[in-house]
Amino acid sequence: MNVKIDPTWKLLLSEEWDKPYFAQLVAFVKEQYANKTIFPPASKIFAAFDACPVDEVKVVIIGQDPYHGDGQANGLCFSVNPGIQLPPSLINIYKEIQSDLGKPFPQDGDLSRWARQGVLLLNATLTVEAHCAGSHQRKGWETFTDAVIDRIAHHHDGIVFLLWGNYAIKKGEYIDRRRHLVLTSAHPSPLSASRGFFGNHHFSLANDYLIAHGKNPIDW
């Protein structure tokens, strides 16, 4: 199957393209885009991969669903385009960065600047129906993104995985902790951020690990 995705990822994930589950997933996604309002725009489904080629990955952040509000989802987890109101979880992420690193509060929610530095902003499910959270779960995306995490963990060393909330923690439970740094905490959602996300120091810990492994830190 000819999937329009960054060539480095196309090669790394080559075993997935012709599997039955992926063919069923593609058929489902095409039907959904043809008949409903689906986010992100079709051209942005694989934006996280296109923005961060395989060999540049230093940090992986795992989200769950794309945002399902109008104009929000841009293919990068937790990210929104400039001019879009900051979602509550992203506000809390910025608050933790400010507290952890003393950095000023960003003016917009565009996290492509992180992606360009080697942060893979990976949602577990890459599409969603407008205003219907979780509507494309259990259609095959989770199998695909499990394969992404598995390939990264097996083909690279010294990657930082930031797993926020039980869903992301469970998705990363098979990552080899001897080869990678896996940091876990509560989710940045307003419902849970005060129960362990605030004060987790994940951003400074990630940078300390990258520096110790001879890599440039992320300008969060």
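Residues numbered from 1 in each chain as written. Predicted model: local features only at pLDDT ≥ 70, side-chain atom pairs only at ≥ 80, totals over all residues. Heavy atoms only, no water.

Q: What exactly am I supposed to notice about the overall build of the protein chain here?
A: Looking only at helices and strands, one finds eight helices and six strands in the protein chain. Each helix and strand of the protein chain, ordered N terminal to C terminal, gives the series α-α-β-α-β-α-α-β-β-α-β-α-β-α. On C-alpha atoms alone, the protein chain measures out to a radius of gyration of 17 Å, which is about the 17 Å that the 2.2 N^0.38 rule sets for 220 residues. Along the longest, intermediate and shortest principal axes, the C-alpha atoms of the protein chain span 45 × 35 × 25 Å. Looking at the protein chain as a whole, 55% of its 220 residues qualify as buried. Within the protein chain, contacts between residues at least 6 apart in sequence are counted, and of these 65% link residues at least 24 apart. A total accessible area of about 10,200 Å² is found for the protein chain, and carbon and sulfur atoms account for 53% of it. Taking the average place of the 21 positive charges on the side chains of the protein chain and the average place of its 23 negative ones, the gap between the two points comes to 2 Å. (Helix = DSSP H or I, 4+ residues; strand = E, 2+ residues; numbered from the N terminus. Rg over C-alpha atoms; globule rule 2.2 N^0.38 Å. Buried < 20%, exposed > 50% of the residue type's maximum accessible area, 1.4 Å probe, protein only. Contact = heavy atoms within 4.5 Å. Areas by Shrake-Rupley, 256 points an atom, 1.4 Å probe, with all protein chains shown as cover. Lys, Arg positive; Asp, Glu negative; His and termini not counted. Charge placed at Lys NZ, Arg CZ, Asp CG, Glu CD.)

Q: It is not clear to me how the side chain of histidine 180 should be interpreted in this structure. Could you clarify?
A: Tracing the backbone through its elements, the reader meets histidine 180 in the loop between α7 (166-171) and β6 (181-185). Overall, the relative accessible area of 3% leaves histidine 180 in the buried class. Among the polar contacts listed, one links the side chain of histidine 180 to the backbone nitrogen of isoleucine 159, at a separation of 3.1 Å. Apart from the residues within four sequence positions on either side, histidine 180 is in contact with Ile152, Ala153, His156, Asp157, Gly158, Ile159, Phe161, Ile175 and Tyr209. (Polar contact = N/O pair within 3.5 Å; in protein donor to acceptor, adjacent residues only side chain to side chain.)

Q: Explain the pattern of salt bridges here, please?
A: In a structure, side chains of opposite charge can pair up when their charged atoms sit close to one another. As enumerated under the stated definition, the model contains 10 salt bridges in all. A salt bridge links lysine 19 to glutamate 16, with the nearest nitrogen and oxygen atoms 3.1 Å apart. On the basis of relative accessibility, which here comes to 33%, the residue lysine 19 falls in the partly exposed class. Residue glutamate 16 is classed as buried on the basis of its relative accessible area of 2%. With its nearest N and O atoms 3.6 Å apart, the salt bridge here joins glutamate 129 to lysine 36. Residue glutamate 129 is found in strand β4 (residues 128-129), and its partner lysine 36 is found in the loop between α2 (20-35) and β1 (38-39); the two are separated by 93 residues along the sequence. Within this structure, Glu15, Glu16, Lys19, Asp150 and Arg151 form a network of salt bridges that share partners. (Salt bridge = Lys/Arg side-chain N within 4 Å of Asp/Glu carboxyl O.)

Q: Help me out: how do you make sense of the packing of aromatic side chains in this one?
A: Given two aromatic rings, one states the distance between the centres and the angle between the planes to describe the pair. In this structure the tally under the stated criterion is 18 aromatic pairs. Judged by centre distance (6.1 Å) and plane angle (70 degrees), the ring pair of phenylalanine 46 and phenylalanine 144 falls under edge-to-face. Within this pair, whereas phenylalanine 46 is found in the loop between β1 and α3 (47-50), its partner phenylalanine 144 is found in helix α6 (residues 141-155), the two being separated by 98 residues in sequence. Considered together, phenylalanine 46 and phenylalanine 144 belong to a single accessibility category, that of buried residues. One aromatic cluster is present, formed by Trp9, Trp17, Tyr21, Phe22, Phe46, Phe49, Trp141 and Phe144 through successive ring pairs. (Phe/Tyr/Trp six-rings, centres within 6.5 Å; stacked < 30°, edge-to-face > 60°.)

Q: I tried to follow the side chain of serine 189 on my own but got confused; where do I start?
A: Relative to the helices and strands, serine 189 resides in the loop between β6 and α8 (202-212). In contact with serine 189, not counting residues within four places along its chain, are Ser89 and Asn92.

Q: Can you walk me through helix α4 (residues 88-101) in this structure?
A: Turn by turn, an α-helix covers 3.6 residues, leaving residues three or four places apart pointing in a common direction. The terminal C-alpha atoms of α4, which comprises 14 residues, lie 20 Å apart, in line with the 20 Å expected from a rise of 1.5 Å per residue. Here α4 has its buried residues at Ser89, Leu90, Asn92, Ile93, Tyr94, Glu96, Ile97 and Asp100. In this fold, the buried residues of α4 make contact with α5 (112-115), β5 (160-164) and α8. Glycine 102 occupies a position one or two residues after α4 and carries a positive phi of about 70 degrees. (Expected span 1.5 Å × (residues − 1).)

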